Amino acid sequence: MLSRRKMLGGAGAFTAAAAAASVSKVAMAALPEPVIQTKPDTMPPLVPNTGRPYSPVVTLNGWTLPWRMNNGVKEFHLVAEPVVREMTPGFKAHLWGYNGQSPGPTIEVVEGDRVRLFVTNKLGELTSIHWHGQRLPNGMDGVTGLNQPGIPPGKTYVYEFVARRPGTFMYHPHADEMVQMAMGMMGFWITHPKAKHPLIDEVDRDFVFLLNAYDIDPGAYTPKIMTMLDFNLWSWNSRIFPGIDPLVVRKNDKVRIRIGNLTMTNHPIHLHGHEFLITGTDGGPTPKSTRMYEVTTDVAVGQMRQIDFLADEEGDWAFHCHKSHHTMNAMGHNVPTMIGVDHRGVAKQITSLIPDYMVMGERGMKDMTEMEMPLPDNTAAMMTGTGPFGAVGMGGMFSVLKVRADQKPGDYSDPGWYKHPPGTVAYEFTGSLPDPARFKADASPGPGAMPPMAKPSKEIEVRVRKPASGHSGH
Ligand SMILES: [Cu+2]
């Protein structure tokens, strides 16, 4: 049925993909040739060469699916299949996705477009696609059993509807979705406005990515699908820091970032150095009266948040999930907190038995970023990445917004690290230190709201320590 699979390489090969949007008459009679992406690179925006014009988005570590026009209908071909996704250099995961990658390619259309999507199932079980957030005929909504039979392995189904309202949507299976979404089956959908829209400003750069999470044991390749909370890989478009590309912009660019959450927990996404407005949700553009400046926005499960800001501060600005466990990679669970624990006696005894014994984490976990502990063959260090000033104690959902005055319009290439003007970097103080102001507790207990009924018989002092049974619930 599939004549041949178009293989995509780097950015150069992407032109070939765009060319595939206009195919020969012979191919027009058949199923559109599926376009397959082999790399996890951030592809340049796919400027439309057919159909109504629009300003394309940039999918972080992803790409936009080319289409073909067939009698005024935009035709796309998605192939649900097992894929190998490089989550960060040196770490490959065996996932399920679409057209060679997980997440699948971004689909971009224009408000009012009639869209026909061919979905071929190359998995070993039924699948379907639900077009999250869209207005469409009920029979096109993709819930297996409710709106359609599941697509059997080896079969191709066709979805067809008009993209009725502009906005940012997601697509994912509604068939064995606990397994299929845990394995990485999801993608983004952008419906651009057909004309100037009072609530949708034109921007210079428009980035999109999905929040997703996996539970892959160190040394293993395949996610554990039964996991509900204890994920160990928190990713953006199935990439983890330092594998997530920076968001490169030109100073004073109007920037939009659209973030969709298909994990099983919320993610407060935080941007340094700028304030943004939440200009859109899955429901569409937000009314102007609801907009307020924020530096963090919580993206709840099954939600999309669109943020707009003016990138007017030069530098390398951190951009990350504010849940600290989500900016760490493949940590084994059951790691007890060792901060403040004095191991000297124990370590001495163990060293006589195991000469290379080393205690981890007694001064905090950042030690681990510099230690380069031996790791199983296929895993990512807990926190990796090296910045201009040393190890960045981060992993997972973390990237960098790079704002540069000399970045060319439309240039997304990495400009390297920011060169700080002299005198603008925090520095070591070398003078003499006066006593810092410090609150000195009285020997007697603090007054409190009212005196206690009885004095405690013994004073108790506690240290913060997480239970050794794991860190579930993050
Ligand atoms: Cu998070």
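The rules behind these values
Residues numbered from 1 in each chain as written. Predicted model: local features only at pLDDT ≥ 70, side-chain atom pairs only at ≥ 80, totals over all residues. Heavy atoms only, no water. Salt bridge = Lys/Arg side-chain N within 4 Å of Asp/Glu carboxyl O. Helix = DSSP H or I, 4+ residues; strand = E, 2+ residues; numbered from the N terminus. Buried < 20%, exposed > 50% of the residue type's maximum accessible area, 1.4 Å probe, protein only. Pairing = 2+ DSSP bridges. Axes fitted to C-alpha atoms, helices over the stretch in contact; angles between N-to-C directions. Donors = N, O, S within 2.8 Å, 3.2 Å for Na, K, Ca; no water. Core = buried A, V, L, I, M, F, W, Y, C linked by side-chain atoms within 4.5 Å. Contact = heavy atoms within 4.5 Å. Phe/Tyr/Trp six-rings, centres within 6.5 Å; stacked < 30°, edge-to-face > 60°.

### Observations regarding the pattern of salt bridges
At step 1: Inspection of every chain in the model, using the stated rule, returns 14 salt bridges.
At step 2: E75 serves as the salt-bridge partner of R116, at 2.5 Å between the closest nitrogen and oxygen. Of this pair, R116 sits in strand β8 (residues 114-121) while E75 sits in strand β5 (residues 73-88), placing them 41 residues apart in sequence. The exposure classification of R116 matches that of E75, with both residues buried.
At step 3: Between R239 and E86 there is a salt bridge, with its nearest N and O atoms 2.7 Å apart. Here R239, found in the loop between β14 (233-236) and β15 (247-250), pairs with E86, found in strand β5; they are 153 residues apart in sequence, far enough to count as distant.

### Some remarks on the sheet that holds strand β21 (residues 296-299)
At step 1: Pairing within the open sheet is mixed, and its five strands lie in the order β15-β26-β23-β17-β21. The two strands at the open ends of the sheet, each matched to only one other strand, are β15 and β21. Taking each pair of neighbouring strands and ignoring which way they run, the sheet shows an average axis angle of 20°.
At step 2: Note that strand β17 (residues 267-271) and β21 share four bridges and pair antiparallel. Looking at the pairing, H267 lines up with V299 of β21.

### Some thoughts on the sheet that holds strand β12 (residues 187-192)
At step 1: As summarised here, the arrangement of the four strands in space is β7-β12-β11-β9, forming an open sheet in which the pairing is mixed. The sheet terminates laterally at β7 (107-110) and β9 (130-132), the two strands that pair on one side only. Each neighbouring strand pair of the sheet contributes to a mean axis angle of 25°, computed without reference to strand direction.
At step 2: Two elements, strand β11 (residues 167-172) and β12, share five bridges in a ladder whose sense is antiparallel. By the bridge assignment, Y171 is partnered in β12 with G187.

### Topic: the coordination of the copper ion
At step 1: In this structure, H267 (ND1), C321 (SG) and H326 (ND1) serve as the protein donors to the copper ion, at separations of 2.0 to 2.1 Å.
At step 2: Read in sequence order, the donor residues coordinating the copper ion give the pattern H-x53-C-x4-H. Taken together, the residues span a long stretch of sequence, with H267 in strand β17 and H326 in the loop between β23 (315-321) and α4 (344-353) at a distance of 59 residues.
At step 3: Residue classification places H326 among the buried residues on the basis of a relative accessible area of 0%.

### A word on the nonpolar core
At step 1: Grouped together as the largest cluster of nonpolar side chains are 29 residues, with contacts concentrated most on F76, L78, I107, L117, I129, W131 and W189.
At step 2: Looking at this core, the elements that each hand over two or more residues are β5, β7, β8, β10 (156-162) and β11.
At step 3: For L78, the residues in contact, after removing those within four places along its chain, are L65, Y98, N99, P105, I107, F118, V119, T120, I129, W131 and Y171.
At step 4: If you look at the next biggest cluster of nonpolar residues, it comprises 28 residues, including W234, I257, F319 and M397.

### A closer look at the pairing of strand β22 (residues 304-311)
At step 1: With seven of its eight residues buried, β22 lies for the most part within the structure.
At step 2: Relative to β22, strand β18 (residues 276-281) runs antiparallel, the two being bridged by four bridges. Opposite L277, over in β22, you have D308 as the bridge partner.

### Focus on the pairing of strand β13 (residues 205-214)
Within a regular strand, side chains alternate between the sheet's two faces.
At step 1: In terms of residue burial, β13 counts as a mostly covered element, since 10 of its 10 residues are buried.
At step 2: Side chains R205, F207, F209, L211 and A213 of β13 all project onto a buried face; the interleaved residues D206, V208, L210, N212 and Y214 project onto the opposite face, where all are buried too.
At step 3: Strand direction decides the pairing type here: strand β3 (residues 58-59) and β13, joined by two bridges, are parallel. Its bridge partner being in β13, T59 is matched across the sheet by V208.
At step 4: Taken together, the seven bridges between β13 and strand β16 (residues 253-261) define a ladder with parallel strand orientation. Looking at the pairing, R205 lines up with V255 of β16.
At step 5: Judged from the four bridges that link them, β13 and β14 form a sheet pairing that is antiparallel. Within β14, the residue paired with Y214 across the bridge is L233.

### Focus on the packing of aromatic side chains
At step 1: The tally for this structure, following the rule as stated, stands at 12 aromatic pairs.
At step 2: Where W67 meets F76, the ring centres are 6.0 Å apart and the plane angle is 50°; that geometry is what we call tilted. Here the two residues W67 and F76 agree in accessibility, since each one is buried.
At step 3: Relative to Y159, the ring of W131 lies with its centre 5.3 Å away and its plane at 80°, an arrangement referred to as edge-to-face. Linking W131 in strand β9 with Y159 in strand β10, this pair joins segments that are 28 residues apart in sequence.

### Here's the deal with unusual backbone geometry
At step 1: Here the bond from S102 into P103 is cis, since omega is -5°, no more than 30 degrees from zero.
At step 2: Residue placement: P103 occurs in the loop between β6 (91-98) and β7.
At step 3: Here F241 and P242 are connected by a cis peptide whose omega angle stands at 10°.
At step 4: Summarising the element assignment, P242 is placed in the loop between β14 and β15.

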